[in-house]
Structure formats: structure tokens, C-alpha cells
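What follows is the residue order along each chain.
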Amino acid sequence: MAAFVIGHMNPDTDSIVAAIAAADLYAKRGFDVVAAAQGAPTPETEFVLKKFGLTAPQVIDDVAGKDLYLVDFSDLAQAPKGMDSATVLGIVDHHKLGDVTTSSPLEAWIWPVGCTGTVLKNMYDFYGVELPKGIAGALLCAILSDTVIFKSPTCTEADKKAVEALAKIAGVDDVMALGMEMFKVKSAVEGAAMSDLVFRDYKDFDMNGNKVGIGQLEVVDLSILEPVKAGLQEEIAKVKSEGRHSVFLLLTDIMKEGSEMLIVSDDPSVVEKAFGVKAEGSSVWLPGVMSRKKQVVPNFEKAFK
Ligand code: MN
Ligand code: MN
């Protein structure tokens, strides 16, 4: 039985591309694996897969009894159903260590870098496995996506170095132009359902016993979101009513380098505790805040203590 290589819930480009790349690498090392995903690709990921001639991984929602390699996460809250009886054989990730545990030793590559794609590039090098051109291009895009074209505070020298090497393999001459093209696709919200937008890049967290949802939409100009803001606010109120303490939605302007955060919470004072700014009504502008992982989650975790 082939093991699944799978990324987190509501998969982003990194989760999808890392599953494809890790499955390629594990297979070439002789492991019986298949790439999987907990959902269909977003428009951004579709753009990347199409551009580099790759197929989306099969979608699965239950991993009971399966062998698994996790990519881009190690939190049970972001895992599929059936984790209790699944066996985790490996993790490739760049987040804080989550609460997944194993009964036997595993191969774990968890680096404090901007993207799983960067870790994978280094794994190919470590194992001396040749990187296919298409996968190199897709990994490059995953890094540009996760690091917001190097602007996110999560971006490291290792990410920049990986992009340089991947661009050579993929034959990409203008990395910045490719990044902007991708973010323009990501910015398109016309015709999308409000719930699709809220869950496009959304994660639930356990914060001191409180269920807290944090979503993020990254656009090249916040004015793009003006027509849908009221609808988004209504949608996160609905998501909160399903048993959450708070739901926050970050509307990130990648050019202005900051985020407007839409807020619905049992205790809105956590926002002031976390960021030192008082919310006006149901939203707040957070200058310089680009990264949920590095700037938003840790601040809220402290505020909820
Ligand atoms: Mn991710
Ligand atoms: Mn990632």
C-alpha cells in the first residue's frame, strides 16, 4: 500500500507543490508513495501547476490506517480525519513543531525557513537526486508565494539561495515578474464565493483552550477587496458561530506591506493585547504585518495566555 504524501487542510501552493515534489523524491529513493492533498488547488496553485505542466494531487479526506509523509504542517488541527490510526513516517516542514506524534522513528526535515520548497530543494541536493524542471519551477513559485516575493519576515537567505538555484533549473529568467504574475492571479476575487475566499488560506488554532480561526487573503492592492469586505465580515461571523472564540481574516496588501484584519471575537480586547492597537469597529490596520505564522499567531498566543 503506497504511503500518502500530504500537506495541510485548505492547501496552499506550498502544500500542493511540496506533496508533488516530496513524492517524486521519495519515489526516486525507492519508497512506495503517492502525492495527495486535502482539497483542490486554489486559482494561484492552478496557475503554477499549469505553467509548469504538473497535475494536481489526488484529494483525500480520510487517512485511517494509512502510512503518511506530512509536508508543510505537523499540527493535528490541520490533519485529515483518521489520524489516530495512521502512521507518520516523515515530516518536511517549516512551521513550529506541532502535536503529531509517532510510535517509531521518523525522517523529519523541519527547518526555520520561509517555505517547505526550500527544505525540499536542499533534500534533493542531500540525496543527490536530480530535480525535474517542472517541479523546480513549481517549488520556486511555492517559495515566492510563502515569502510574498521575499517581503515576508519569514524569508531567509536559504530561501533566496534556493530560488536562485531553482530558477536556473526551471529556466526562469525573471523571478520577480513570475512572482507578480502569480500574485495577480491570487488577487482575483471576482465571482468567488465568500466562503471560498475566507477558507482559501485558513487555519484553526487552539489558543489556551479557545478555538481561533485565522484566514489570510494576499492581494497586490487592498482596493481589490473593497467590494467584498462586507460579505467577508458576514462570512467570518458565520464561521465564528460554529463554535469558535474568534475568527480573524487578514487582508494583506503585499505592495503597501501591511494587513487590514477583520475581527469577530467573544473578546475583541485580545487584538489590542496582541498588537497594541485598538480596533475601530470590526477591523484594524496592522502596518508591516505580512506573516500569519511569524507575526500574528505568536502575538495572539501570548494574548490568549
Ligand atoms: Mn502552507
Ligand atoms: Mn509553507
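*Asks:* How should the state of the cysteines be read in this particular structure?
*Replies:* Structurally, a disulfide amounts to a covalent bond that connects the sulfur atoms of two cysteines. Here the structure, examined in full by the defined rule, presents 0 disulfides. As a non-bridged cysteine, Cys115 has Cys155 as the owner of its nearest cysteine sulfur, 9.8 Å distant. Overall, the relative accessible area of 17% leaves Cys155 in the buried class.

*Asks:* Sorry if this is basic, but what is going on with the layout of surface pockets here?
*Replies:* Any space left empty among the atoms is revealed by the rolling of a water-sized probe across them. In this structure, the largest pocket occupies an estimated 580 Å³ of space. Taken together, 37 residues make up the lining of the largest pocket; nearest its centre are Asp12, His95, Lys203, Arg292 and Lys293. Those elements giving two or more residues to the lining of the largest pocket turn out to be α2 (43–51), α4 (133–146), β7 (202–207), β8 (210–219) and α10 (292–303). The element that contributes the greatest number of residues to the lining of the largest pocket is α10, accounting for 5 residues. Its residues assigned to classes, the lining of the largest pocket comprises 8 nonpolar, 14 polar and 15 charged.

*Asks:* I tried to follow the coordination of the manganese ion (ligand 1) on my own but got confused; where do I start?
*Replies:* In an ideal octahedron of six donors the angles at the metal are 90 or 180 degrees, and in an ideal tetrahedron of four donors they are 109.5 degrees. Around the manganese ion (ligand 1), the donor atoms from the protein are His8 (NE2), Asp12 (OD) and Asp72 (OD), and they sit 2.1 to 2.3 Å away. Sequence spacing of the donors to the manganese ion (ligand 1): H-x3-D-x59-D. For the pair the manganese ion (ligand 1) and the manganese ion (ligand 2), the metal-to-metal distance amounts to 3.4 Å, and Asp72 bridges them. Separated by 64 residues along the polypeptide, His8 in the loop between β1 (3–6) and α1 (13–28) and Asp72 in the loop between β4 (67–71) and β5 (87–93) bring together distant segments of the chain. With relative accessibility at 1%, the residue His8 sits in the buried group. When its relative accessible area of 1% is taken as the criterion, Asp72 is described as buried.

*Asks:* In this structure, what is going on with the pairing of strand β11 (residues 283–287)? I would like to understand it.
*Replies:* On a regular strand, each side chain points to the face opposite its neighbour's, so the side chains alternate between the two faces of the sheet. Because side chains alternate across β11, one face comprises the buried residues Val284 and Leu286, and the other comprises Ser283, Trp285 and Pro287, none of which is buried. Sheet analysis places strand β10 (residues 258–265) next to β11, joined by 5 bridges and oriented antiparallel. Bridged to Glu260 within β11 is Trp285.

Scoring rules and cut-offs
Residues numbered from 1 in each chain as written. Chains lettered and ligands numbered in written order. Predicted model: local features only at pLDDT ≥ 70, side-chain atom pairs only at ≥ 80, totals over all residues. Heavy atoms only, no water. Disulfide = S-S within 2.5 Å. Buried < 20%, exposed > 50% of the residue type's maximum accessible area, 1.4 Å probe, protein only. 1 Å grid on protein atoms, 1.4 Å probe; cavity = no way out; pocket = protein on both sides within 12 Å on 5 of 7 lines; lining within 4 Å. Points joined across faces, edges and corners; volume = space filled by probe spheres on them. Helix = DSSP H or I, 4+ residues; strand = E, 2+ residues; numbered from the N terminus. Nonpolar A, V, L, I, M, F, W, Y, C, P; charged D, E, K, R; others polar. Donors = N, O, S within 2.8 Å, 3.2 Å for Na, K, Ca; no water. Pairing = 2+ DSSP bridges.

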